[in-house]
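# Descriptive structure summary
Read off the chains here:
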Protein chains: 2
Amino acid sequence: MEDMTKHLSDVEIAQAHQLQPIADIAATAGIPAEALIPYGTTKAKVDVTKLPAPDKPGKLVLVTGVSPTPAGEGKSTVLIGLTDALNRMGKKSIVAIREPSQGPVMGLKGGAAGGGFAQIVPMEDINLHFTGDFHAIAAATNTLAALIDNHIHQGNALNINANKVTWQRCMDVNDRALRNIVTGLGGAVNGAATETGFTITAASEIMAILGLATDLADLKARLGAITIGYTFDDKPVTADDLEAAGALTAIMRDALLPNLVQTLGGAPAFVHGGPFANIAHGCNTLLATQAAMNLGEIALTEAGFGSDLGGEKFLDIKARFGDLNVDGAVVVATIRSQKYNGGVAREDLQEENLDALAAGIKNLERHVENIRKFGIKPVVAVNLFHSDTEAERDFMRQWAADFDVAYEEADVFTQGGAGAEKLAQTLLDHLDGTSTQLYDPAEGVEASIETIAQEIYRASDVQYSKKALKDLQYLKDNGWDTMPVVISKTQYSFSDDPSELGAPEGHTLHIREIIPRTGAGFNVVLTGDVMTMPGLPKTPAANTIDVNDAGQITGLF
Amino acid sequence: MEDMTKHLSDVEIAQAHQLQPIADIAATAGIPAEALIPYGTTKAKVDVTKLPAPDKPGKLVLVTGVSPTPAGEGKSTVLIGLTDALNRMGKKSIVAIREPSQGPVMGLKGGAAGGGFAQIVPMEDINLHFTGDFHAIAAATNTLAALIDNHIHQGNALNINANKVTWQRCMDVNDRALRNIVTGLGGAVNGAATETGFTITAASEIMAILGLATDLADLKARLGAITIGYTFDDKPVTADDLEAAGALTAIMRDALLPNLVQTLGGAPAFVHGGPFANIAHGCNTLLATQAAMNLGEIALTEAGFGSDLGGEKFLDIKARFGDLNVDGAVVVATIRSQKYNGGVAREDLQEENLDALAAGIKNLERHVENIRKFGIKPVVAVNLFHSDTEAERDFMRQWAADFDVAYEEADVFTQGGAGAEKLAQTLLDHLDGTSTQLYDPAEGVEASIETIAQEIYRASDVQYSKKALKDLQYLKDNGWDTMPVVISKTQYSFSDDPSELGAPEGHTLHIREIIPRTGAGFNVVLTGDVMTMPGLPKTPAANTIDVNDAGQITGLF
């Protein structure tokens, strides 16, 4: 079970492990040699056009979680342990999860490749550059920005209004100083002074496009359909208008190929695409999920944060665009996180507190209810921690019986796959879901937002800023009002106020701005104070990351 | 010979070619399998710590050129044809050249991997991302920038003067709008408003550090020694002060490994590091050059632009730091370029013009003289073009005899290695150089600049701006006055005025600014109007780059 007193760090466990050659992992997965493009001996890209097409794809399982807390939930950890458990039991299970973002790795968060004995490896490569996908996205994004400014500088034949360019640059670095900048200073030779900013790469539209593209031709069409801003007479301008789609596709060509690595248990794992779920759509790429389904009996995939963020977006965006049925779901929780939601301070989470657990478990209940609204029967997985008491575990079991939800404990952190076999069996017994979407985009953006706000966030009201109302009108004027919505909201609360823990209801959702993403095919709805470029903390993780004399990276968590 | 009416583009020739597996190329080179880290099937990184150490390293040949013109010189093309010629003749020759920068690929310049039947392949990969080295450099550079701004934002314990932060971000995109920017706008939560800018990655200090690092420990020491700016009491602040060296080394670890590809003739080629020679030190990495010398009988390496830029820097910086002897040199010229230097307009270069050739050849003479000043016997290689006339070729031969310089024509563009065998033989007869450096850095920056200005640029005078004089004082105050100098100067002229073609002398060199690069170990001396961030042209190459239905990249030149 997860033990804060553990002696080995994740990176130490990962580096002590003897990895199998990626060619062997590919063979296990059923990937033909001609589809494998090695990146070193333990990573590869996979040309999915060369994969065999099965008669019937495997079952798809969505792993989501409760609202995250500083206590940590271990969603990826449970997912990875679960795939190892399924494979131990003879069920061919393949993982499809997101790539970590290097910005947060240098900040607070540490790595994002599982933990303990339930990790994907090589974890230090996965956390740093990996196969270069994020860098390719930034290169494409920033090349398009340069083409826009250059077009304006060189005569502006398209009549672009520089004050209405909505395209922002991006970078996979946590850098608050780049949120709001002025470019083009120093005279006419350096372009025109322009207010703009950078987002983190995970929040960029090209990340979303990578996540949703079905093949190279679709990638190119989506890149061309990006709206970069408006003309002086308020007509949208696209990347195609700038003749940029071919070059952007060339820059993104290799990034479109899913990345293959392995779990500590030796199972194949696709790790591809990495939009955050609080500021973007929050799932790994559609191509990776489809590859996992085509190669395995069970495909395990995740969506970032809780059911309200990545979960809702997976089902309403990715499953819709990819025509995916979600057969089952796992909601990962911890006893600690539910006590935190019940009002216990972080430093007191080690202490037994049944009253707080009883109060906080409303958060878990809400996530279970949310998943059920999509036609899926979720299994609750409690990721055990060293501090969990027998009484707390008994309480949870009784709660599950009363709430009538499938329930298992998992101890994958110390046991790996062996610690999730009961969970795996219970999951196998709950794979008969027929998943639906929650809203019909044809009814318009306001209706879509209203439905999510009511059904998932349990808000009683939606308020639009003046800017957002203007944005709504833009959407209608340009025929974009029927694209689905990606609501950008804090991950800590069902409301847009991160301090409202537990299961708030009756609150007001505040819409700040709506940005059409005509390449990705959805509208991004910004609420509350959610920022699309994080900052670094007072003592960044970068201060402790190092390389030892053997060339091994140390200090990753 | 190079033919502007050619029917096949470089990318078409490259894509029609059947590449050998990179493992076979490595075996040809003598690289043991355990040192090879494949990136796909035709690219690899090489762990140089696992290479055998020879009793005696191979001979080192520096390929440089005349002052570049819009007519094109084909320096890389000749170098690649020459290695194929040497290998055809049974002399094991290995190439070490720079990686192309993606920014210019999207702009004017097209690819930088040779041309015609003298190319390195896969050219489209090499020109786009390659193995991610440039992106790693940008990630390290921009992470350091974020750590600086975050340190100031979080209380500024080091007392850094935000107005004296000299560290700039970088990006491998031609984007004039990023030359001068203001960051940190929008209130205190987004940091403090700061005037700063981006350079292109090729001009960054971390690119220079990658180029000069001798191993991982040296890389880390150099990264830590970077000066990022000054405190309020004018003391330098380093990356080590920010505890950033470990994280930057982790980000750069894989980038330090030289990249291996192949020529169309099937010869091994290291392509690693890519500083421009007009704004940086202009050579591939020391590690790649050493690997080529350790594995081959002849290592062919290049330095960007002419003898005045990359040539001088190779000899005074890289050869000094790496303790390299340069055994021979090739000065690549074209008849067209010498006519251009003699005053012929670009559109008239197809016409025979012996008078202009006689005038313009002063440029070639100057480059030959410059190389001789370093103790090396250069061979002049004329890269033949379709438009060169018999009379012009006769003139050149006679000139070489009169000027007493080894001379051969090469036709590698249409013939590949077969077109450079005579050049190869002549080169083999001139490999007895004992190379020297031109100046002693211990005499101070002003003396070093003076020597280069007089001996290489043939200036009669050096003028310093007020800013440069202040910078000089800083260098002295901080003990940096004895680091060698990298003079940033236009590539088109020996002077700092790009319109002064031919072989100007008696001019004044204008020093605008001097930037200490304490990580790289040299001072960058900015002259004239040289910019460290290029812009895009009116019709960028990006407009024609595309990906076809087979997934092949088209429209690269």
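Residues numbered from 1 in each chain as written. Chains lettered and ligands numbered in written order. Predicted model: local features only at pLDDT ≥ 70, side-chain atom pairs only at ≥ 80, totals over all residues. Heavy atoms only, no water.

Residues and elements named next belong to chain A. Per the domain assignment, the segments of chain A are domain 1 (133-242) and domain 2 (442-527). Relative placement of domain 1 and domain 2: their C-alpha centres are 23 Å apart. Tallying the contact residues gives 13 residues for domain 1 and 10 residues for domain 2. Between domain 1 and domain 2, roughly 960 Å² of surface is buried when both sides are summed, and carbon and sulfur atoms account for 50% of that area. For domain 1, the biggest contributors to the area lost against domain 2 are E205, T227 and Y230; these three give 42% of the whole. One can count 1 salt bridge joining domain 1 with domain 2. With a shortest N-O distance of 3.8 Å, R517 and E205 are connected by a salt bridge. (Domains from an automatic or database assignment. Contact = heavy atoms within 4.5 Å. Buried area = accessible area lost by both parts, 1.4 Å probe. Salt bridge = Lys/Arg side-chain N within 4 Å of Asp/Glu carboxyl O.)

Before going further, it helps to spend a moment on helix 17 (residues 445-455) of chain B. Residue and element names in this part refer to chain B. Of the positions making up helix 17, those classed as buried are V445, S448, I449, I452 and A453. The buried residues of helix 17 occupy an angular sector of 130 degrees when the element is viewed end-on, so they sit on one face. Buried residues along helix 17 sit in contact with helix 11 (307-322), strand 20 (459-464), helix 18 (466-477), strand 21 (485-488), strand 22 (507-517) and strand 23 (522-527). (Buried < 20%, exposed > 50% of the residue type's maximum accessible area, 1.4 Å probe, protein only. Helix = DSSP H or I, 4+ residues; strand = E, 2+ residues; numbered from the N terminus. Arc of directions from axis to C-beta.)

Residue and element names in this part refer to chain B. Orientation of helix 13 (residues 354-372) relative to helix 14 (residues 390-403), taken along the N-to-C sense of each, is 40 degrees, at an axis distance of 11 Å. Regarding the angle of helix 13 to helix 14, the classification is oblique. Every pair of crossing elements has a handedness; the one defined by helix 13 and helix 14 is right-handed. Between helix 13 and helix 14, the contacting residues are L354, L357, A358, I361, L364, E365, V368, E369 and R372 on the first element and A391, E392, F395, M396, W399 and F403 on the second. The residue makeup of the contact of helix 13 with helix 14, split by class, is 11 nonpolar, no polar and 4 charged. (Axes fitted to C-alpha atoms, helices over the stretch in contact; angles between N-to-C directions. Parallel < 35°, antiparallel > 145°, perpendicular 65-115°, else oblique. Left-handed = near helix turned anticlockwise from the far one by under 90°. Nonpolar A, V, L, I, M, F, W, Y, C, P; charged D, E, K, R; others polar.)

Glancing now at the packing of aromatic side chains. To describe a pair of aromatic rings, one takes the distance between the centres and the angle between the planes. Residue and element names in this part refer to chain A. Under the criterion given, the structure shown has 8 aromatic pairs over all chains. Ring centres of W399 and F403 lie 5.3 Å apart, and the angle between their planes is 15 degrees; on these two criteria the pair is classed as stacked. A residue pair is termed a helical-turn pair when its members lie 3 or 4 positions apart in one helix, as W399 and F403 do in helix 14 (residues 390-403) at 4 residues. As far as the burial class goes, W399 and F403 line up, both buried. Counting every residue linked through ring pairs, the aromatic cluster contains Y230, Y474 and W480. (Phe/Tyr/Trp six-rings, centres within 6.5 Å; stacked < 30°, edge-to-face > 60°.)

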